[in-house]
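# Geometric and topological summary
What follows is the residue order along each chain.
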Amino acid sequence: MRVTARREMFWQIVRYGVNGTIVTALYSAVLVTFDSWTRLPLQFCNFAGYIAALTLGYFLHSRVTFRNHGSRDRSSQIRFVLASLPSFALNAFWAWLLTDALKQPHWTIYLPIWFVTPAMIFALNRWWVFK
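About the thresholds
Residues numbered from 1 in each chain as written. Predicted model: local features only at pLDDT ≥ 70, side-chain atom pairs only at ≥ 80, totals over all residues. Heavy atoms only, no water. Core = buried A, V, L, I, M, F, W, Y, C linked by side-chain atoms within 4.5 Å. Buried < 20%, exposed > 50% of the residue type's maximum accessible area, 1.4 Å probe, protein only. Helix = DSSP H or I, 4+ residues; strand = E, 2+ residues; numbered from the N terminus. Contact = heavy atoms within 4.5 Å. Expected span 1.5 Å × (residues − 1). Arc of directions from axis to C-beta. Polar contact = N/O pair within 3.5 Å; in protein donor to acceptor, adjacent residues only side chain to side chain.

## What about the nonpolar core?
Counting residues in each nonpolar core, the largest one holds 14 residues, and the members touching the most others are Tyr27, Leu31, Leu42, Ile109 and Ile113. Mapped by element, the contributors of at least two residues to this core are α1 (3-37), α2 (42-65), α3 (74-101) and α4 (110-115). Sequence-distant contacts of Tyr27, defined by excluding residues within four places in its chain, comprise Asn46, Gly49, Tyr50, Ala53, Asn91 and Ile113. Of all hydrophobic cores here, the second largest spans six residues; its members include Tyr50, Leu54, Tyr58 and Ala83.

This is the structure we're talking about:
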């Protein structure tokens, strides 16, 4: 890998971290709001957070994180939605595992949501969505 390509990859990771933090914060805010203020099932609250994060995520990642990498067309939008489905499934899994199966408090789902899911999704965005 050329020095320039490594430098660009480094800054993509930095931007992904910053933008991912913003997106995950929005997701968490929507999830905790729905979970705290309604009697809706946790998985519905997860879905509401996912939709909010999906919308902001495409905007930030397409215009900022991967701004000099790949194309921005209808197919990249479709790939972004498809690539986001594993993150939705992972977060739904964390919610089920920690609150239903292991009977932990709801706040425990935020640990893997903040630290595991984003790391797993970066490569999918880098090499498939914004190719």
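## With respect to helix α5 (residues 117-129)
Here α5 spans 17 Å end to end across 13 residues, near enough to the 18 Å set by a 1.5 Å rise per residue. Burial in α5 covers these residues: Thr117, Ile121, Phe122, Asn125, Arg126 and Val129. Buried residues in α5, looked at end-on, bunch into an arc of 145 degrees, giving them a common side. Every exposed residue of α5 that faces more than 90 degrees away from the buried side is listed here: Ala119 and Trp127. Buried residues in α5 make contact with α1, α3 and α4.

## With respect to the side chain of Asn91
Take Asn91: it is sitting in helix α3. Side-chain polar atoms of Asn91 contact the side chain of Thr117, separated by 2.9 Å. Setting aside its immediate chain neighbours within four residues, Asn91 contacts Tyr27, Asn46, Ile113 and Thr117.

## Brief notes about the side chain of Thr65
Mapping Thr65 onto the fold places it in helix α2. On the basis of relative accessibility, which here comes to 0%, the residue Thr65 falls in the buried class.

The quantities given are spatial measurements derived from coordinates; they are silent on function.
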